[in-house]
Amino acid sequence: LYEALGNTRVEFAEASVESDRIRILKLVEQKPGFVVFNNTVNEFLRSWIHRAINSLLMTQKAMNRLEYASFFDRVGHFFLRNKELEKAEGLFRQAKDARVAELGQAHSETANSFNNIGLALQSLGKHEEALLEHKKALTIHESEFGKDHLSTATSYINVGSALRDLGRYEDALVEYRKAQKIREYKLGNDHLSTAISFNHVGSALCELGRHEEALVEYHKARKIQESQLGNDHPSTAISYNNIGNALHKLGNHKEAMVQCQKALEIQESKLGKDHPGTANSYHNIGLAVYCLGDHEDALVKYRKALEIYESKLGKDHPSTANFHQSIGSALRKLGRYDEALLEYRKALAIQETKLGKEHPNIATSYHNIGLVLHKLGLHEAALIEYEKALMIQESIFGKDNAFTIISHRSIGSTLRKLGRYEEALVAHREALRIQVCTLGKDHLDTGSFYNYVALMLHKTGRYEEALEEYRKALEIYETKVGKDHPDAINTKNKIDLVLDCLARNE
């Protein structure tokens with residue numbers, strides 16, 4: 001009811017006499033306009049519902065404390081579902097206070113209140129505070145029920161989700177696997193709750209760049225959901241989207257688009273065209289077409305997703321920041337650098353407010369801003385952004401993590417543009433070292449890092465060393481993609497240039 005009454009659209013109104021409808025709509029459109037009229041009516045209707053709820057709350061004070069707490073929880077979840085987040089948090093805290101007074105701090109029902117408060121805080125972007133609340137609940141559940149109880153599994157998931165929001169993906173994976181193990185043992189491998197755990201594990205693996213492992217988990221979830229719910233259920237659509245995202249990360253963009261399109265069709269049919277889940281599908285399809293080279297179409301999809309999210313969750317929601325990032329990337333590819341910079345800065349402003357100063361997504365924003373500044377020829381400014389990104393990545397993941405590779409590479413490329421070749425060589429060698437440690441010396445992507453190092457050696461006149469690095473790259477390309485691949489041909493041409501330099505120096 002709240003959702004329906006809060007989304008009135010006068011332009012879709014009907015009337016018994018068509019001419020009356022047309023005349024009234026023309027008057028509304030002229031003054032005050034559809035948007036203002038709709039917002040005014042919607043706010044009035046929602047205020048009416050709030051007053052009704054508040055009146056109902058006042059009548060419940062005769063209840064005993066536990067009944068009072070349960071009622072506050074129900075109303076709190078109502079507000080949480082409808083994105084009235086501060087109201088939800090306040091009601092959950094009142095429920096918690098009632099339970100503490102009646103049952104004590106260490107009771108399982110009090111733990112449920114801590115979890116509820118944590119969920120509201122997560123939605124508000126207060127992830128450190130949310131983590132503390134979820135850990136309180138976990139401590140109680142482990143003490144009262146043990147470490148293999150289903151309620152404890154729920155707390156592991158909540159802790160894991162808070163850790164994931166904070167960018168602590170390894171820690172999140174540990175918690176998600178604990179929950180998964182409990183659910184598989186208690187509920188079996190074909191239970192819907194187990195499917196949710198498979199998706200949680202997959203999401204953490206995806207964030208860690210372990211996309212093939214994530215794909216395995218997502219397919220486990222999909223099989224359960226298709227069997228239990230059917231092929232056209234919104235929960236099944238989530239798994240299709242997850243599979244599409246993993247395939248996208250693995251470079252299989254066409255199949256990724258197929259999966260995301262399946263999800264979109266379900267969500268539009270079951271949830272509507274303006275649901276946040278539908279927005280995620282638009283975004284994921286945009287990612288696929290972006291990687292297939294259609295940046296204009298990607299931009300359309302990203303903007304559609306952003307419009308839905310801003311309408312439903314507000315302009316400062318963390319997911320809204322992700323859509324600004326994607327829009328910025330499409331604009332950058334289209335050469336519209338000033339517009340791209342604006343989008344990246346919008347994303348950064350939201351993230352710094354909602355995620356704090358040290359989060360992987362903030363590092364991504366700094367890096368993206370650096371890419372645009374680089375394109376605009378502002379190399380010193382770009383270097384500052386890349387170094388900010390690297391500092392965050394090293395702080396969160398450590399110096400030998402794959403997440404730092406792209407920042408080292410970008411720093412090296414910018415230093416090269418500035419003519420600081422020795423410093424650039426150091427940065428590219430560090431990127432190569434981490435790349436070899438994480439993906440191996442024979443990985444296809446490692447070839448480009450050998451080429452970066454070789455180029456800097458070439459620039460500084462160290463031709464023998466440059467030749468050695470170029471040959472390593474060439475061997476990878478010829479083995480992995482063949483002698484006729486553009487990367488192999490380009491590397492062979494660079495080897496010929498170095499050989500010419502060596503010949504002239506003899």
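So, how was this worked out
- Residues numbered from 1 in each chain as written.
- Predicted model: local features only at pLDDT ≥ 70, side-chain atom pairs only at ≥ 80, totals over all residues.
- Heavy atoms only, no water.
- Helix = DSSP H or I, 4+ residues; strand = E, 2+ residues; numbered from the N terminus.
- Buried < 20%, exposed > 50% of the residue type's maximum accessible area, 1.4 Å probe, protein only.
- Contact = heavy atoms within 4.5 Å.
- Areas by Shrake-Rupley, 256 points an atom, 1.4 Å probe, with all protein chains shown as cover.
- Phe/Tyr/Trp six-rings, centres within 6.5 Å; stacked < 30°, edge-to-face > 60°.
- Lys NZ or Arg CZ within 6 Å of the ring centre and 35° of its normal.
- Core = buried A, V, L, I, M, F, W, Y, C linked by side-chain atoms within 4.5 Å.
- Axes fitted to C-alpha atoms, helices over the stretch in contact; angles between N-to-C directions.
- Parallel < 35°, antiparallel > 145°, perpendicular 65-115°, else oblique.
- Left-handed = near helix turned anticlockwise from the far one by under 90°.
- Nonpolar A, V, L, I, M, F, W, Y, C, P; charged D, E, K, R; others polar.
- Salt bridge = Lys/Arg side-chain N within 4 Å of Asp/Glu carboxyl O.
- Expected span 1.5 Å × (residues − 1).
- pLDDT = per-residue confidence, 0-100.
- Polar contact = N/O pair within 3.5 Å; in protein donor to acceptor, adjacent residues only side chain to side chain.

Draft legend 1. Representation of the overall build of the protein within the structure. Along its length, the protein carries 24 helices and zero strands. The proportion of buried residues among the 506 residues of the protein is 47%. Long-range contacts, defined here as pairs at least 24 residues apart, represent 57% of the contacts in the protein between residues at least 6 apart. Accessible area for the protein stands at about 24,900 Å²; split by element, carbon and sulfur atoms hold 51% of it.

Draft legend 2. Structural context of the packing of aromatic side chains. Counted according to the given criterion, the structure contains five aromatic pairs. For the ring pair Phe449 and Tyr452, a centre distance of 6.1 Å and an interplane angle of 70° mean the geometry is edge-to-face. Remark: Tyr452 and Phe449 occur in helix H22 (residues 446-459); sequence separation between them is three residues, near one turn of the helix. Over the face of the ring belonging to Tyr240 we find Lys262, whose NZ or CZ atom lies 4.3 Å from the ring centre.

Draft legend 3. Inspection of the nonpolar core at higher detail. Among the nonpolar cores identified, the biggest contains 65 residues, and Tyr302, Ile327, Ile362, Tyr366, Ile369, Ile411 and Val498 are the most heavily contacted of them. Ignoring anything within four residues of it in the chain, the contact list for Ile327 reads Leu299, Tyr302, Arg303, Leu306 and Glu343. The next biggest cluster of nonpolar side chains, apart from the first, holds 28 residues, and it includes Leu131, Leu163, Tyr176 and Leu215.

Draft legend 4. How the structure looks around the packing of helix H17 (residues 337-355) against helix H18 (residues 360-375). It is the contact of H17 with H18, at a shortest axis distance of 9 Å, that shows an interaxial angle of 160°. In terms of axis orientation, H17 runs roughly antiparallel to H18. Considering only the axes of H17 and H18, their crossing is left-handed. On H18, the residues touching Tyr337, Ala340, Leu341, Tyr344, Arg345, Ala347, Leu348, Gln351, Glu352 and Leu355 of H17 are Asn361, Ile362, Ser365, Tyr366, Asn368, Ile369, Val372, Leu373 and Lys375.

Draft legend 5. Structural view of the packing of helix H13 (residues 253-270) against helix H14 (residues 276-291). Interhelical geometry of H13 versus H14 gives an angle of 160° and a closest axis separation of 9 Å. Relative to H14, H13 is oriented roughly antiparallel. When you trace H13 past H14, the crossing you get is left-handed. Residue-level inspection shows His253, Met257, Cys260, Gln261, Ala263, Leu264, Gln267 and Glu268 of H13 in contact with H14, the latter providing Gly277, Thr278, Ser281, Tyr282, Asn284, Ile285, Ala288, Val289 and Cys291. Taken together, the residues that form the contact of H13 with H14 break down as nine nonpolar, seven polar and one charged.

Draft legend 6. Representation of the pattern of salt bridges within the structure. One pass over the structure, following the stated rule, counts 26 salt bridges. When the shortest N-O distance is used, the salt bridge between Asp171 and Arg168 registers 3.3 Å. By relative accessible area, which is 36% here, Asp171 ends up partly exposed. Where Glu465 meets Arg429, a salt bridge forms, and the shortest distance between an N and an O atom there is 3.5 Å. Taken together, the residues span a long stretch of sequence, with Glu465 in helix H23 (residues 463-480) and Arg429 in helix H21 (residues 421-439) at a distance of 36 residues. The exposure class assigned to Glu465 is partly exposed, which follows from its relative accessible area of 33%. Shared partners join several salt bridges into a network, and the residues in it are Glu422, Arg429, Arg462 and Glu465.

Draft legend 7. Inspection of the side chain of Lys301 at higher detail. Here Lys301 is to be found in helix H15 (residues 295-313). The residues contacting Lys301, other than those within four sequence positions of it, are Tyr282, Ile285 and Gly286.

Draft legend 8. Expanded view of H15. The first and last C-alpha atoms of H15 sit 26 Å apart over 19 residues, in line with the 27 Å expected at 1.5 Å per residue. Turning to H15, its buried residues number three or more, namely His295, Ala298, Leu299, Lys301, Tyr302, Ala305, Leu306, Ile308, Tyr309, Lys312 and Leu313. Of the residues flanking the end of H15, it is Gly314, one or two places downstream, whose phi is positive at about 100°.

Draft legend 9. Summary view of helix H5 (residues 85-103). With 19 residues, H5 should reach 27 Å at 1.5 Å per residue; the first-to-last C-alpha distance of 26 Å fits that figure. Buried within H5 are the following residues: Leu85, Ala88, Glu89, Leu91, Phe92, Ala95, Lys96, Ala98 and Arg99.

Draft legend 10. How the structure looks around the confidence of the model for the protein. Here the protein averages 87 in pLDDT, while 87% of its residues score no lower than 70. Here residues 1-6 is modelled with pLDDT under 50, and outside its nearest four sequence neighbours on either side it reaches 16 contacts, counting other chains as well.

Draft legend 11. Layout of the environment of His317. Turning to its location among the elements, His317 is positioned in the loop between H15 and helix H16 (318-333). Considered as a pair, His317 and Thr353 are 36 residues apart in the sequence and their alpha carbons are 9.7 Å apart. Among all residues touching His317, those that are not within four sequence positions of it are Tyr309 and Ile350. Of the polar contacts made by the side chain of His317, one reaches the backbone nitrogen of Ser319; its length is 3.0 Å.

Draft legend 12. The environment of Ser311, seen in detail. One can find Ser311 in helix H15. The exposure class of Ser311 is exposed, given its relative accessible area of 51%. Counting along the chain gives 37 residues from Ser311 to Asp274, while the straight-line C-alpha distance between them is 8.3 Å.

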